[in-house]
Amino acid sequence: MKKKMLVFFGAPGVGKGTQAKIISTKLQLPHISTGDILREAISKKTDLGLLAKGIMDKGELISDEIMAGLVESVLKNDKCKKGFILDGFPRTLNQAKILQPIIESISHEKLVLISLDADDDIIVNRLAQRRMCSTCGSIVNLNFLTDQTRCPTCGSKNSFIKRKDDEVDVIKNRLNIFHKTTEPVLNYYKNHAIIYNIDATLTVEEITEKILEAIT
Ligand code: G5P
Ligand code: MG
């Protein structure tokens, strides 16, 4: 069977994490979210976490060298043998260029890049309403919950937390950085990956279906 090497690409809040979690479960592929790795480091107060906290709270990017080192060690791990889903990496041209020889050293296949797209105003609204369940890690949108105090996945009560970088000023900074620094990475992948563009304003279920149609 072909190794599935997927990159979920798109602006903050476009739905990368939501879809990556679903596809990871359906296809039994590890979900590598650089944002989640950093947030875990922050909560464990590791050296990486202490360095990352102030930068992430402002919505700025962690250095390419740190992020690339982190991703390389995960990709070379046995659990990525069948493939993987990268979420949140690469997000600079330099990260893409560091990643390329790593991919070539582990497979002859090209990366498959799922590019999710939605307008900035939709994204600002989604992120302002996003919460994460501190018990099971599910991502929700308060707009779609009938009971805003209970996690629909694990049933925990009052377990929702809001990310520090989901304050409106920080969201706007993250979007600016995305347009300036991350969006141009798509151009690089025109020659280095198979790209599927998906409208991220559809429903979660419709987007999942489109992703599965594209990659299976
Ligand atoms: P992260 O953690 O990678 P971002 O900014 O790339 O953060 P984020 O915010 O995690 O991305 P997402 O994963 O794309 O967004 O979106 P999501 O959480 O799934 O969904 C957002 C909201 O929309 C939720 O409320 C969800 O319920 C709703 N939603 C999802 N899908 C749909 C849909 O289909 N329809 C509707 N209506 N709603 C939907 O990175 C965080 C920070 O870490 C550092 C940086 O500081 C970064 O800012 N970092 C890096 N720094 C340098 N290099 C890297 N490679 C780095 N990676 C992380
Ligand atoms: Mg995410």
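Just above sits the structure.
Residues numbered from 1 in each chain as written. Chains lettered and ligands numbered in written order. Predicted model: local features only at pLDDT ≥ 70, side-chain atom pairs only at ≥ 80, totals over all residues. Heavy atoms only, no water.

1. Some words on the overall build of the chain
Consideration 1: Each helix and strand counted, the chain has nine helices and eight strands in total.
Consideration 2: In terms of C-alpha radius of gyration, the chain reaches 17 Å, essentially the compact-globule figure of 17 Å for 216 residues.
Consideration 3: When the backbone C-alpha atoms are referred to their principal axes, the chain occupies close to 50 × 40 × 35 Å.
Consideration 4: In the chain, of all internal contacts separated by at least 6 residues, the share reaching a separation of at least 24 is 70%. (Helix = DSSP H or I, 4+ residues; strand = E, 2+ residues; numbered from the N terminus. Rg over C-alpha atoms; globule rule 2.2 N^0.38 Å. Contact = heavy atoms within 4.5 Å.)

2. Concerning empty space enclosed by the protein
Consideration 1: Scanning all chains against the criterion turns up one cavity of 30 Å³ or more.
Consideration 2: A volume near 60 Å³ is recorded for the largest cavity.
Consideration 3: Along the walls of the largest cavity sit F8, F9, G10, K16, G88, F89, P90, R91, F178 and T182, which together make up its complete lining.
Consideration 4: Counting residues per element, the ones that place at least two in the lining of the largest cavity are β1 (4-9) and α7 (168-182).
Consideration 5: Residues belonging to the lining of the largest cavity are distributed by class as follows: five nonpolar, three polar and two charged. (1 Å grid on protein atoms, 1.4 Å probe; cavity = no way out; pocket = protein on both sides within 12 Å on 5 of 7 lines; lining within 4 Å. Points joined across faces, edges and corners; volume = space filled by probe spheres on them. Nonpolar A, V, L, I, M, F, W, Y, C, P; charged D, E, K, R; others polar.)

3. Some points on the packing of aromatic side chains
Consideration 1: Evaluated as defined, the whole model comprises two aromatic pairs.
Consideration 2: Centroid distance F9 to F178: 6.3 Å. Interplanar angle 50°. Geometry classified as tilted. Remark: F178 occurs in helix α7 and F9 occurs in strand β1; sequence separation between them is 169 residues.
Consideration 3: Between the aromatic rings of Y188 and Y189, the centroid separation amounts to 5.2 Å while the plane-to-plane angle is 80°, which identifies the pairing as edge-to-face. Each member of the pair, Y188 as well as Y189, is classed as buried. (Phe/Tyr/Trp six-rings, centres within 6.5 Å; stacked < 30°, edge-to-face > 60°. Buried < 20%, exposed > 50% of the residue type's maximum accessible area, 1.4 Å probe, protein only.)

4. Remarks on the site of ligand 1
Consideration 1: Around ligand 1, the structure places 35 residues, and the nearest of them are G13, T18, E60, R130 and R174.
Consideration 2: Backbone polar atom of V14 to an oxygen atom of ligand 1: 3.3 Å apart, as the coordinates give it.
Consideration 3: In the model, an oxygen atom of ligand 1 is placed 3.0 Å from a nitrogen or oxygen of the R163 side chain.
Consideration 4: Taken by itself ligand 1 offers 1100 Å² of open surface, and the protein chains cover 95% of this.
Consideration 5: Mapping ligand 1 onto the cavity grids shows that it belongs to the largest pocket.
Consideration 6: Taken together, the elements giving at least two residues each to the shell around ligand 1 come down to α1 (16-27), α2 (34-43), α6 (120-128), β6 (139-141) and α9 (204-215).
Consideration 7: Per-element tally for the shell around ligand 1: the top contributor is α2, with four residues.
Consideration 8: Residues of the shell around ligand 1, tallied by class, amount to 16 nonpolar, ten polar and nine charged. (Near = heavy atom within 4 Å. Polar contact = N/O pair within 3.5 Å; in protein donor to acceptor, adjacent residues only side chain to side chain. Areas by Shrake-Rupley, 256 points an atom, 1.4 Å probe, with all protein chains shown as cover. Sits in = over half its atoms within 2 Å of the grid points.)

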